[in-house]
Amino acid sequence: MNEIRDILIGIDLGEKVSQICYYDRRRQEPVEVTMKVGSACYESPSCVCWREKSQEWSMGLEAEYFAREQGGILVENFYHLCEEDLKISVGGQMREPWELAAAYIQGMIHFLGSREPVKNTKCLAVTVPNLNGNMVKNLQKACESIGYSKDQLLLADYSESFYYYAYCQRLDFRTRNIGWYAFDENQVTFRRLYASAGGKLTFVRLSDPVHAELGESAEDKDFDFCQFLINTLGNDLYSSIYITGHGFDQEWAKTKSIPILCRQKRKVFEGNNLFVKGACYAAKEQLEDKKLKGFLYLGDALVKTNVGMEMQVMGTPAYYALIEAGKNWYDCQSDCEILLDGREDLTFLVARMDETSSQKVKMKLPGLPKRPNKTTRLHLHLEYTAAGVCQIRGEDLGFGEFYPSSRKVWTETAHW
């Protein structure tokens, strides 16, 4: 690689295989990193191996070799362990799922050949098929254990990586709808990426998935996929179509399916590096380019609600924003300290991003110590644990030596 500092890294952490790339600033595009010197092998098996003799971890192809040839302990399902937050016994020792993920991610980063990758990395963008609370927690802890700060880490699911990949291509590739066919052997899923004006912003959405099962023979596959194309594309206009996963073959598709795919001069792309490059594009866009600042991808992870409070700031009534809509839930948290002014509850102003009016939501504080006005200081912490689920925590800090803290804590789960 030709990057020395401010490296932008993309990692596709898949259930079965994974990939890594970096942003090449001379070529102005993400470049994949091979898993074997001098080869075009870009996919690494998503597994780790514990080697008892050396007390070291290996990953990918090396992990399979040591497990096969030298009796290492192979762990092939660490992705699902992270997703379900399950410990596993390896060599008589219980291992946390984030430890396995850390060993794998660190091994992937070594393929970049950078002497000080953590120090020289501007952003490490990790994309996975789905991001639940357990996966977020384990990936954050894994990267933190390697040395990456939260400011260096970007997480995304495949759908968001698809958005960044598609919208960082040439403008004529996205002037209309964008189609996405994801293959898993004989199963195929379709989703449509489309944009709609929303005032100052253009909202970009993915349609709900539509599934189909293809036949076993080449002729049946071509016929079934052709019918699926006709049903899903309909009469809508598409600028481009992307095909990902394993199962599509131009040989069986050339008679019926390919003519449908290429109709209306649509650009059609096939490959399995879309998500890893999409993660890298996301890092470049969010940290540097800002070319898509007029667009907002309304993914499943997006927080669509603004949360704030009415306060007295320097004696003047003001609105204080706690959570701003437009970010993914795992990036949304807020802390502040407030003085209660004759109140025994907390009142939040909650408004959806597409609405101008807000509603007041109260959180009671039972057992609040009785003190003179403006002598009760609270620390507030708001943190999303899932899309639309916010944990609120209030802690009594007291008021100096006059009114020591009661150590009372109030918690509430809000569904916004």
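For the structure itself, look to the data block above.
Along each chain, residue indices are assigned from 1 in the same order as the chain's sequence is written. Where totals are concerned, whole chains, interfaces and linings use all residues; where local detail is concerned, this predicted model gives features only for residues with pLDDT of at least 70, and gives and counts side-chain atom pairs only at 80 or more. Water and hydrogen atoms were dropped before computing side-chain values, which therefore reflect all heavy atoms in the structure.

**Q** How do you make sense of the sheet that holds strand β5 (residues 48–51) when you look at a structure like this?
**A** What links the strands of a sheet is backbone hydrogen bonding, and the strands pair in either a parallel or an antiparallel sense. By the convention used here, strands pair only if DSSP detects at least 2 bridges between them. By the criteria applied, helices consist of DSSP H or I runs no shorter than four residues and strands consist of E runs no shorter than two, each listed in order from the N terminus. With respect to topology, three strands assemble into an open sheet ordered β6-β5-β7, the strand pairing being antiparallel. The open sheet terminates on both sides in strands that have one partner only, identified here as β6 (56–59) and β7 (73–75). On average, each strand axis in the sheet is tilted by 25° relative to the strand beside it, whichever way the strands run. Summarising the sheet, β5 and β6 pair through four bridges and their orientation is antiparallel. Bridging across to β6, arginine 51 finds its partner in glutamate 56. Each of β5, β6 and β7 is contacted by helix α1 (residues 60–69), which is oriented at about 115° to β6, the strand it contacts most. Running at roughly 65° to β6, helix α3 (residues 97–110) makes contact with β5, β6 and β7 of the sheet. An axis is simply a line fitted to the C-alpha atoms; with a helix, the fit covers only the stretch in contact. Between two such axes, the angle follows the N-to-C directions and lies from 0 to 180 degrees. Only heavy atoms matter for contacts: two residues are in contact if any of them lie within 4.5 Å across the pair.

**Q** Got a minute to help me understand the sheet that holds strand β22 (residues 345–352) in this structure?
**A** Overall, antiparallel pairing links the four strands, which are arranged β20-β19-β22-β23 in an open sheet. If you trace the sheet from one side to the other, it starts and ends with β20 (316–323) and β23 (359–364), each paired once. Between one strand axis and the next, the sheet turns through 35° on average, direction left out of account. Of the pairings in the sheet, the one linking strand β19 (residues 305–313) to β22 comprises four bridges and is antiparallel in character.

**Q** Could you clarify how one ought to interpret the nonpolar core in this entry?
**A** Soluble globular proteins: nonpolar side chains tend toward being buried together. Definition used in this section: a nonpolar core is a set of buried Ala, Val, Leu, Ile, Met, Phe, Trp, Tyr and Cys residues joined via side-chain atoms within 4.5 Å. Relative accessibility decides the category of a residue: with a 1.4 Å probe and only protein chains considered, values under 20% of the type maximum give buried, values over 50% give exposed, and everything between is partly exposed. Counting residues in hydrophobic clusters, the biggest one holds 68 residues, and the most contacted among them are Leu124, Leu346, Phe348 and Leu382. Broken down by element, this core gets its largest block of residues, eight residues, from α3. Setting aside residues up to four positions removed in sequence, phenylalanine 348 forms contacts with Val307, Gly308, Met309, Leu322, Gln359, Lys360, Val361, Met363, Leu382 and Ile392. If you look at the next biggest cluster of nonpolar residues, it comprises 31 residues, including Cys123, Trp180, Leu206 and Ala283.

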